[in-house]
Amino acid sequence: NSCKPFHANSPHTMARITRAKSLVHKLINFPVRRSVIWGFLLGLTYLGAVRINLYDTSESAEQVRELQSSFNKIRSTVASHVEPQSQQQELTKQTVVVKIDLAQSSANSNGHLVQEVERVLHFPHQYKIVIQLKKEGRVCLRPKFMGRLAGPYLGMIRWEENNATQQDEVVGYYSVRPARYNIEIVGLLCNDLDEETNLKKVCLEDPVHNRITGRKARLVAVRQQQPVHENPTALPAGYWKKEGNPYEIFHTRYQPQGCRSLQDRGKTRCMRAMSLDRFKPYTFEFRNPKQQQGSFLHGTGHENKTVCLLGWSHSRVLAEHVIHLLEKHGLNDTIDIHHVGAKYPVEISPDFVKSEIIAENKCNVIIISLAQWPLAGKGHRVPTGAKYRKQMAEVITNIQKDAPNVRLYIRSAHYNPLGDFISACPARDWRSPPAIDLSNSVLRGLANAMKVGFLDTNFIIQPMWDSAFDWNHYTGKVSYAEAMYVLHQVLTQRERVY
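Small disclaimer: the values here were computed from a predicted structure and weren't measured.

**Concerning the pairing of strand E13 (residues 365–368)**
Remember that side chains alternate between the two faces of the sheet whenever the strand is regular.
Okay, step 1: By the alternation rule, side chains of E13 split into Val-365 and Ile-367 and Ile-366 and Ile-368, which are all buried.
Okay, step 2: Of the strand pairs in this sheet, E13 and strand E14 (residues 407–411) are connected by 4 bridges, and their pairing is parallel. Its bridge partner being in E14, Ile-367 is matched across the sheet by Tyr-409.

**Some thoughts on the environment of Val-130**
Okay, step 1: By the element assignment, Val-130 lies in strand E3 (residues 128–133).
Okay, step 2: A residue is classified by how much of its surface remains accessible, and Val-130, at 4% relative accessible area, is buried.
Okay, step 3: For the pair Val-130 and Arg-119, spaced 11 residues apart in the sequence, the C-alpha separation amounts to 8.3 Å.
Okay, step 4: When residues no more than four places from it in sequence are discounted, the contact partners of Val-130 are Arg-119, Val-120, Leu-121, Phe-123, Glu-169, Val-170 and Val-171.

**A short note on the pattern of salt bridges**
Okay, step 1: What the rule picks out here adds up to 13 salt bridges.
Okay, step 2: Residue Arg-138 is joined to Asp-168 by a salt bridge in which the shortest nitrogen-to-oxygen separation is 2.9 Å. Residue Arg-138 is found in the loop between E3 and strand E4 (144–150), and its partner Asp-168 is found in the loop between strand E5 (153–159) and strand E6 (169–174); the two are separated by 30 residues along the sequence.
Okay, step 3: The exposure class assigned to Arg-138 is buried, which follows from its relative accessible area of 12%.
Okay, step 4: As a salt-bridge pair, Arg-316 and Glu-320 come within 3.7 Å of each other at their nearest N and O atoms.

**Focus: helix H9 (residues 350–360)**
Okay, step 1: What H9 keeps buried is the set Phe-352, Val-353 and Ile-357. Burial along H9 is one-sided: seen end-on, the buried residues are contained in an arc of 95 degrees. Residues of H9 that are exposed and point over 90 degrees away from its buried face: Asp-351 and Glu-360.
Okay, step 2: Next to the buried residues of H9 lie strand E11 (305–311), strand E12 (335–341), E13 and helix H11 (385–402).
Okay, step 3: At the exit of H9 stands Lys-362, carrying a positive phi of roughly 50 degrees.

**Let's talk about the pairing of E5**
Okay, step 1: Taking burial as the measure, the 7 residues of E5 include 5 buried ones, the bulk of the element.
Okay, step 2: Of the pairings in the sheet, the one linking E4 to E5 comprises 4 bridges and is antiparallel in character. Each residue of the ladder has a partner; that of Ala-150, found in E5, is Leu-154.
Okay, step 3: Connecting E4 to the antiparallel partner E5 that follows it, the hairpin turn spans 2 residues.
Okay, step 4: In the sheet, E5 pairs with strand E9 (residues 238–242) via 2 bridges, with the strands oriented antiparallel. Pairing of Leu-154 across the sheet is with Trp-240, part of E9.
Okay, step 5: In this sheet, E6 lies alongside E5 in antiparallel orientation, the contact comprising 3 bridges. Bridging across to E6, Arg-158 finds its partner in Tyr-173.

**Description of the nonpolar core**
Okay, step 1: Leu-310, Ile-348, Ile-366, Ile-368, Ile-399 and Val-490 are the most contacted members of the largest nonpolar core, which has 90 residues in total.
Okay, step 2: If one sorts the elements of this core by residue count, helix H15 (residues 476–492) sits on top with 9 residues.
Okay, step 3: Ignoring sequence-local partners within four residues, the contact set of Ile-399 consists of Leu-310, Ile-348, Val-353, Ile-357, Ile-366, Ile-368, Pro-404 and Leu-408.
Okay, step 4: Within the second largest apolar cluster, 27 residues are counted, among which are Val-114, Cys-140, Ile-157 and Ile-185.

**Focus on the packing of aromatic side chains**
Okay, step 1: Applying the stated criterion across every chain yields a total of 10 aromatic pairs.
Okay, step 2: With 6.2 Å between their ring centres and 50 degrees between their planes, Phe-145 and Trp-159 make a pair best called tilted. Of this pair, Phe-145 sits in strand E4 while Trp-159 is found in strand E5, placing the two residues 14 residues apart along the sequence.
Okay, step 3: With relative accessibility at 3%, the residue Phe-145 sits in the buried group.
Okay, step 4: Here a set of aromatic residues connected by ring pairs shows up, and it is made of Trp-240, Phe-284, Phe-286, Phe-459 and Tyr-485.
Okay, step 5: The aromatic ring of Tyr-247 is capped on one face by Arg-180, whose charged end is 4.0 Å from the ring centroid.

Rules behind the numbers
- Residues numbered from 1 in each chain as written.
- Predicted model: local features only at pLDDT ≥ 70, side-chain atom pairs only at ≥ 80, totals over all residues.
- Heavy atoms only, no water.
- Buried < 20%, exposed > 50% of the residue type's maximum accessible area, 1.4 Å probe, protein only.
- Helix = DSSP H or I, 4+ residues; strand = E, 2+ residues; numbered from the N terminus.
- Pairing = 2+ DSSP bridges.
- Contact = heavy atoms within 4.5 Å.
- Salt bridge = Lys/Arg side-chain N within 4 Å of Asp/Glu carboxyl O.
- Arc of directions from axis to C-beta.
- Core = buried A, V, L, I, M, F, W, Y, C linked by side-chain atoms within 4.5 Å.
- Phe/Tyr/Trp six-rings, centres within 6.5 Å; stacked < 30°, edge-to-face > 60°.
- Lys NZ or Arg CZ within 6 Å of the ring centre and 35° of its normal.

By themselves, these observations are geometric and do not establish any function.
What follows is the structure, encoded as structure tokens:
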């Protein structure tokens, strides 16, 4: 506590040093070696070394060097205890595992996956979920799951791609803000799709029995330590935030068989499964304030821009919400939004490009979405992933050739909830989440290979993937959030987003 200079060879200084050495020796050998003690000691030794350097004098230089050597030894001893403990703490974090509550399988269940899951594990500090499957007597060798966290925010589990013939573990990662969440994982397919799969021969797991997590399945998401640019589970550009009780159970919405007619919809089993109430407390928030408020719309360079959304009803609904946003900001006379109707990739011929895209609508930005009708199977054969890839490559080639000055984007396909036609076996509609995932994988690969922008709106759509009121189209707050994101990407990106 003294601010007066001291000499290294004074009896008072020597006594202080002796007492300090004794204290350090006792603390080093104390059974409970807390990191705070080592950090405190390390700070004291640095301070001691600085004080000695500060008051070094010519007549006591030798003594000073001796004392500084003693301090260095103390500091090395302290550091040797601090570093291993820090490493041990990091190792402990990496090995913390929490078991997730599982649903009780029933002998009467029509689903395979519920009976074939051994356990579900949570690795909090790795933001990782691992589904371990039984190794003996399994029917489902390459299962497909969908997982969602619901609490103060909504978040999805992103599963790693695995092309192995048989998977004994399915690994996924989540990215949400730190809080307590309910977790739900549902089994969608016994064996996942590939680009050669005939979709008409595939049945989804029965949605009545496809939940593999129990009612008490919860986890605590910890704070992410790595910077966003270094973290593979970094937060997306926005998130769905809940108002009210964040810990209500949130289960997947689906349409049971026999709940299509107006009379049947009033039945308790139909109302409970089909209710939209679970989505009402959530609103979407962009992390970028300019994007949230739409202030980017008032920037320069947007004049005389014609944005065309090419597709059928999903593109038409999105175009309507984009137009409404522009009207809200008084910009409907500055930026033209057109819907260019097309259902199938084969419609986008060179003549179509010249007449509809160039002559009729004078598009200088095109956003393509042509996934829904090919998978619906209405009047056309449902294509395999490989066939769809070939069809969409021809679409891109035709536009690039006949409209070379147009900025071209592909928008990710929207998910369709588990309506009764999609979840029937055999199915009557093949726009299931696994089929949409396959289509988006094809589209993302094409966009990258052919240097076309890819607008991935899954971070908006996927957490609310089962909220479409008509089991098909997203409207209201979901479509407005997507419209804001699409406008932001198109108007602020000078280069295409691959």
